[in-house]
Amino acid sequence: LDIGCAKGYLVQKLRRQGVDCYGTDVSRHAIAASPPDIRPYLQVANITHQNFPNASFDLVLCLEVMEHLFPNVILAAIRELYRLTSKYAFLTIAPPHNIHDVTHISLFPRTTWVKLFQEIGFKREPKLENILLQSKLPTILDTNIFVFSK
């Protein structure tokens, strides 16, 4: 599940690779503007209220979303990620010095994000984070990579 999928391009790419993937985004406009072939796999949904059963996904992605949330909904969002995944959550979150985007409302140090996720029950997976950091993942943004497990 890709939460914050925008127009669903990652969902489309993964589905073309044979991955049973779905996406959600809070923006009706983004979902409506998604490619027609992928639209059946996308939903409009708030990060704190997703329309899927518990533990529906082995992996929940949340890329460049958390920093856009108001602080009072962050724990509810993390609880929803925890509810949805059966195994892992992979996130990218802008670091606190990334202040040039006015939509970045919640800019916390990495240690704060880790504590918030651990408070809900997630376990950090530093070995997996390091593998991803050393891979050839495209680095478009100055961002923090997080991998958590249940």
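A short tour of the structure in this document, coming up. These numbers come from a predicted model, not from an experiment. (Residues numbered from 1 in each chain as written. Predicted model: local features only at pLDDT ≥ 70, side-chain atom pairs only at ≥ 80, totals over all residues. Heavy atoms only, no water.)

Some thoughts on the sheet that holds strand S2 (residues 23-25)
Then comes step 1: Taken in spatial order, the seven strands of this open sheet run S3-S2-S1-S4-S5-S7-S6, and their pairing is mixed. Of all strands in the sheet, those bounded by a partner on one side alone are strand S3 (42-44) and strand S6 (123-124).
Then comes step 2: Bridge analysis of S2 against S3 gives three bridges, and the strand direction is parallel. The residue of S3 that forms the bridge with Asp-25 is Val-44. (Pairing = 2+ DSSP bridges. Helix = DSSP H or I, 4+ residues; strand = E, 2+ residues; numbered from the N terminus.)

Description of the nonpolar core
Then comes step 1: Ile-47, Met-66, Ile-78, Leu-81, Leu-91, Trp-113 and Phe-117 are the most contacted members of the largest nonpolar core, which totals 26 residues.
Then comes step 2: Of all elements in the fold, only strand S4 (57-63), helix H3 (74-84), strand S5 (85-93), helix H4 (110-120) and strand S7 (144-149) reach the threshold of two or more residues within this core.
Then comes step 3: Setting aside residues up to four positions removed in sequence, Leu-91 forms contacts with Cys-62, Leu-63, Met-66, Leu-81, Phe-117, Asn-144, Ile-145, Phe-146 and Phe-148.
Then comes step 4: Ranked by size, the runner-up nonpolar core spans six residues in total, among them Cys-5, Val-11, Cys-21 and Ile-31. (Core = buried A, V, L, I, M, F, W, Y, C linked by side-chain atoms within 4.5 Å. Buried < 20%, exposed > 50% of the residue type's maximum accessible area, 1.4 Å probe, protein only. Contact = heavy atoms within 4.5 Å.)

Let's talk about the pairing of S7
A regular strand places its side chains so that they alternate between the two faces of the sheet.
Then comes step 1: Taking burial as the measure, the six residues of S7 include six buried ones, the bulk of the element.
Then comes step 2: Residues Asn-144, Phe-146 and Phe-148 of S7 are buried on one face, and the alternating residues Ile-145, Val-147 and Ser-149, pointing to the opposite face, are buried as well.
Then comes step 3: As paired strands, S5 and S7 are joined by six bridges and run antiparallel to one another. From the neighbouring strand, Phe-90 faces S7, where its bridge partner is Val-147.
Then comes step 4: Relative to S7, S6 runs antiparallel, the two being bridged by two bridges. When the sheet's bridge partners are listed, Arg-124 is paired in S7 with Phe-148.

Overview of the packing of H3 against H4
Then comes step 1: In the contact formed by H3 and H4, the axes pass within 9 Å of each other and the chain directions differ by 55 degrees. Classified by the angle their axes make, H3 and H4 are oblique. In this structure, H3 meets H4 at a crossing whose hand is right-handed. Residue-level contacts link Ile-74, Leu-75, Ile-78, Arg-79, Leu-81 and Tyr-82 of H3 to Trp-113, Leu-116, Phe-117, Glu-119 and Ile-120 of H4.
Then comes step 2: Its residues assigned to classes, the contact of H3 with H4 comprises nine nonpolar, no polar and two charged. (Axes fitted to C-alpha atoms, helices over the stretch in contact; angles between N-to-C directions. Parallel < 35°, antiparallel > 145°, perpendicular 65-115°, else oblique. Left-handed = near helix turned anticlockwise from the far one by under 90°. Nonpolar A, V, L, I, M, F, W, Y, C, P; charged D, E, K, R; others polar.)

Brief notes about the layout of surface pockets
Then comes step 1: Each pocket or cavity is described by its volume, and for the second largest pocket that value is around 280 Å³.
Then comes step 2: Val-26, Ile-47, Val-65, His-68 and Leu-69 are the residues nearest the centre of the second largest pocket, which is lined by 15 residues in total.
Then comes step 3: Tallied by class, residues from the lining of the second largest pocket come to eight nonpolar, five polar and two charged. (1 Å grid on protein atoms, 1.4 Å probe; cavity = no way out; pocket = protein on both sides within 12 Å on 5 of 7 lines; lining within 4 Å. Points joined across faces, edges and corners; volume = space filled by probe spheres on them.)

These results come straight from atomic positions and should not be treated as a statement about function.
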